[in-house]
Amino acid sequence: MSEEVTDSEVKESLNENSETVPEDTESGEAEKTEKLTRLPLARIRTLIKADQDVTIASQESVFLIAKATEIFVQTMAKEIYRVTQGQKRKTVYKKDFDSVVEMMDEYAFLEGAID
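Below is a short write-up of the structure. Remember, it's a predicted structure, so these values are computed and weren't measured experimentally.

All right, on to helix H4 (residues 94-103) then. Burial in H4 covers these residues: Asp96, Phe97, Val100 and Val101. Across the axial projection of H4, the buried residues extend over an arc of 135°, all falling on one side. Of the exposed residues in H4, those oriented more than 90 degrees away from the buried face are Glu102 and Met103. Lining the buried residues of H4 we find helix H3 (59-86).

This is how it looks when you write it as structure tokens:
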């Protein structure tokens, strides 16, 4: 059984942390532009194009990479914060990062990344 995801569910999940800004106030239309990611898309596009194997990066792919990176960083930060709180400290240290990488299998690819 495959679970179908509707367009509204996708838009809702993407808009979870978005801010809305009025775009066109002179025309009287209630159009709004949504800022869907906190990371600069132009910088991400530059990083993608730095790879010699990539010739073209579509707007959608740049957005998806930005959103995935944002979610990854948020999740990692929450886990590191839990470790820090568990040790009754307020300051996050590199050893907290190492503990999370060691404890959670999904972060195994980061082993030795910060040495």
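The next thing to look at is the nonpolar core. Judged by nonpolar contacts, Met76, Ile80, Val83, Phe97, Val100, Val101, Met104, Tyr107 and Leu110 together constitute the single largest core of nine residues. When residues of this core are traced back to their parent elements, those giving at least two are H3 and H4. In this structure, Ile44, Ile48, Ala57 and Ala66 belong to the second largest nonpolar core, which totals five residues.

Now for the environment of Glu111. One can find Glu111 in the segment after H4. Sequence spacing of Glu111 and Val101 is ten residues, and the spatial spacing of their C-alpha atoms is 6.4 Å.

With that out of the way, let us pick up the packing of helix H2 (residues 41-49) against H3. In the contact formed by H2 and H3, the axes pass within 9 Å of each other and the chain directions differ by 105°. Considering the angle they form, H2 stands roughly perpendicular to H3. On the side of H2, the interface is formed by Leu41, Ile44, Arg45 and Ile48, while H3 contributes Gln59, Val62, Phe63, Ile65 and Ala66. When grouped by side-chain class, the residues that make up the contact of H2 with H3 number seven nonpolar, one polar and one charged.

Nonpolar side chains collect at one region of the surface, where Phe72, Val73 and Phe109 lie side by side and expose about 300 Å² of accessible area between them. Its location among the elements puts Val73 in helix H3.

Attention now goes to the pattern of salt bridges. Under the definition given, this model contains four salt bridges. Taking the shortest distance from any N to any O, the salt bridge between Glu79 and Arg82 comes out at 2.7 Å. Linking Glu79 with Arg82, this pair stays in helix H3, spanning three residues, or about one helical turn. What makes Glu79 buried here is its relative accessible area of 16%.

Cut-offs used in this document
Residues numbered from 1 in each chain as written. Predicted model: local features only at pLDDT ≥ 70, side-chain atom pairs only at ≥ 80, totals over all residues. Heavy atoms only, no water. Buried < 20%, exposed > 50% of the residue type's maximum accessible area, 1.4 Å probe, protein only. Helix = DSSP H or I, 4+ residues; strand = E, 2+ residues; numbered from the N terminus. Arc of directions from axis to C-beta. Contact = heavy atoms within 4.5 Å. Core = buried A, V, L, I, M, F, W, Y, C linked by side-chain atoms within 4.5 Å. Axes fitted to C-alpha atoms, helices over the stretch in contact; angles between N-to-C directions. Parallel < 35°, antiparallel > 145°, perpendicular 65-115°, else oblique. Nonpolar A, V, L, I, M, F, W, Y, C, P; charged D, E, K, R; others polar. Patch = residues over 30% accessible without salt bridge, like charges linked within 9 Å, V, L, I, M, F, W, Y side chains within 5 Å. Areas by Shrake-Rupley, 256 points an atom, 1.4 Å probe, with all protein chains shown as cover. Salt bridge = Lys/Arg side-chain N within 4 Å of Asp/Glu carboxyl O.

Read these as geometric descriptors, not functional statements.
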